[in-house]
Amino acid sequence: MTVPGILREARALVFVLVCLSLSATLHTWAHGDLPPLIALVAGAGLVVPLAIVLTGRQRGLPLIAGALAVTQAALHALFTLVPAGAGHTMAMPAPGAMLTAHVVAGGLTALWLHAGEVALWRLVRRLAHRLPRLGLLFALAARRLSAPAPRRCTRARLADLAPALPEPTWLRSVVRRGPPPALAVTAR
């Protein structure tokens, strides 16, 4: 199942925010100060394209963990290359301790993101199954938001998109006008 549109961008935003906050937190823990704002903005610019590509459909834990590891390594390099300003207040930890911190925090975060991914897709599937009209609304919104150019919709095309509506109950009801048959015979 693929999801274009708002759901895709929302999932990408969550991935970017998690990656940036994890890297900034670990950098602050290791160096004693926050990375500069320009480094955070540049880091978001690095992570957004990867996040958009990954959020095209549901992903498994190995891919989420791998993408998180790659982004952690890139953001770590970026944050250490950009000077922080006033200087570091703490001594830098040993490279082994930093690597261990990145691996442990990245692994736990990957588990957390995967659990959220599974829960979100389970909710989307249930909503699509129980509320087919809501699924149609999602499909129409996704086409509307992601379509490069508007296309002309014909009646046949709209009929293909819309689910079959139930027949109104009054069409199957029996219409009887006049008095009941027993009274009709005596009235003559």
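For clarity, every value in this text was computed on a predicted model and none was experimentally measured.

Procedures and definitions
All residue numbers refer to positions counted from 1 along the written sequence of the respective chain. Reporting of local features is limited, given that this is a predicted model, to residues whose pLDDT is at least 70; pairs of side-chain atoms are given and counted only at 80 or more, and all residues count toward the totals for whole chains, interfaces and linings. In computing side-chain properties, one takes all heavy atoms of the structure into account and sets aside hydrogens as well as water. In the sections that follow, a salt bridge refers to a side-chain nitrogen of Lys or Arg positioned within 4 Å of a carboxyl oxygen of Asp or Glu. Counting from the N terminus, the helices are DSSP H or I runs at least four residues long and the strands are E runs at least two residues long. Burial classification: accessible surface area is computed with a 1.4 Å probe over protein chains only, and a residue below 20% of its type maximum counts as buried, one above 50% as exposed, and the rest as partly exposed. Angles shown run from 0 to 180 degrees and are taken between the N-to-C directions of axes, each axis being a line fitted to C-alpha atoms and, for helices, limited to the stretch in contact. When an angle is under 35 degrees it counts as roughly parallel; over 145 it counts as roughly antiparallel; between 65 and 115 it counts as roughly perpendicular; any other value is oblique. For any helix crossing, the convention is left-handed if the near helix is rotated counterclockwise from the far helix by under a right angle, and right-handed if that rotation is clockwise. The contact criterion used is simple: two residues touch if any of their non-hydrogen atoms lie within 4.5 Å. In this classification, the charged set is Asp, Glu, Lys and Arg, the nonpolar set is Ala, Val, Leu, Ile, Met, Phe, Trp, Tyr, Cys and Pro, and all remaining amino acids, among them Gly, are polar. Multiplying 1.5 Å by the helix residue count minus one yields the expected span of that helix. Arc definition: it is the arc formed by the directions from the helix axis to the C-beta atoms. Confidence of the predictor at the level of single residues is captured by pLDDT, which takes values from 0 to 100. Note on patches: the residues involved have over 30% relative accessible area and no salt bridge, like charges join within 9 Å, and the nonpolar side chains Val, Leu, Ile, Met, Phe, Trp and Tyr join within 5 Å. Exposure was quantified through the Shrake-Rupley algorithm and a 1.4 Å probe, taking into account, for residues, occlusion by the shown protein chains and nothing else.

This part takes up the pattern of salt bridges. Under the counting rule described, the total for this entry stands at one salt bridge. With its nearest N and O atoms 2.5 Å apart, the salt bridge here joins E117 to R11. Taken together, the residues span a long stretch of sequence, with E117 in helix α4 (residues 95–130) and R11 in helix α1 (residues 6–31) at a distance of 106 residues. For the pair shown, E117 and R11 are each scored as buried.

Moving on to the packing of α1 against α4. Closest axis-to-axis distance for the α1/α4 pair is 11 Å, and the angle between their directions is 160 degrees. Taken together, the axes of α1 and α4 lie roughly antiparallel to each other. Regarding α1 and α4, the two cross each other, and that crossing is right-handed. Counted together, L7, R11, V14, F15, V18, L22, L26, W29 and A30 of α1 and M98, A101, H102, A105, G106, T109, W112, L113, E117, L120, W121 and V124 of α4 form the full contact between these two elements. Looking at the contact of α1 with α4 residue by residue, the classes come out as 16 nonpolar, three polar and two charged.

When the terminal C-alpha atoms of helix α3 (residues 61–81) are compared, their 30 Å separation across 21 residues agrees well with the 30 Å that a helix rising 1.5 Å per residue should span. Among the residues making up α3, those that are buried are I64, A67, L68, T71, Q72, L75, L78 and F79. In a view along the axis of α3, the buried residues occupy a sector of 140 degrees, so they form one face of it. Along α3, the residues that are exposed and aim more than 90 degrees away from the buried face are P62, V70 and L81. On its buried side, α3 packs onto α1, α2 (37–54) and α4.

Before going further, it helps to spend a moment on the confidence of the model for the protein chain. Within the protein chain, residue pLDDT values average 75, and 63% of them lie at 70 or more. Across residues 144–150, confidence stays below pLDDT 50; counting only partners more than four residues off in sequence or on other chains, it has three contacts.

What follows concerns a nonpolar patch on the surface. Taken together, V104, L108 and L111 make up a surface patch of nonpolar side chains, about 290 Å² in accessible area. With respect to the element layout, L111 can be found in helix α4. By relative accessible area, which is 46% here, L111 ends up partly exposed.

All right, on to the environment of E9 then. Positionally, E9 belongs in helix α1. Look at E9 and you get partly exposed, because its relative accessible area is 44%. Each C-alpha atom, one on E9 and one on G56, is 9.4 Å from the other, the two residues being 47 residues apart in sequence.

Tracing the backbone shows A105 in helix α4. A residue is classified by how much of its surface remains accessible, and A105, at 15% relative accessible area, is buried. For the pair A105 and L26, spaced 79 residues apart in sequence, the C-alpha separation works out to 8.6 Å. Other than its neighbours up to four places away in sequence, A105 contacts L22 and L26.

Let us now look at the side chain of E117. Overall, E117 belongs to the buried group, its relative accessible area being 11%. Beyond its immediate sequence surroundings of up to four residues, E117 is in contact with R11, R57, Q58, R59 and I64.

Time to look at the packing of α2 against α3. Angle between the axes and distance between the axes are the two parameters that describe a pair of packed helices. Between α2 and α3, the shortest axis-to-axis distance is 10 Å and the interhelical angle comes to 160 degrees. As judged from the angle between their axes, α2 and α3 are roughly antiparallel. Taken as a pair, α2 and α3 cross one another with a handedness that is right-handed. Side by side, α2 and α3 meet where A39, L40, A42, G43, L46, V47, L50 and L54 of the first sit next to L63, A67, T71, L75, L78 and F79 of the second. The class makeup of the residues in the contact of α2 with α3 is twelve nonpolar, two polar and no charged.

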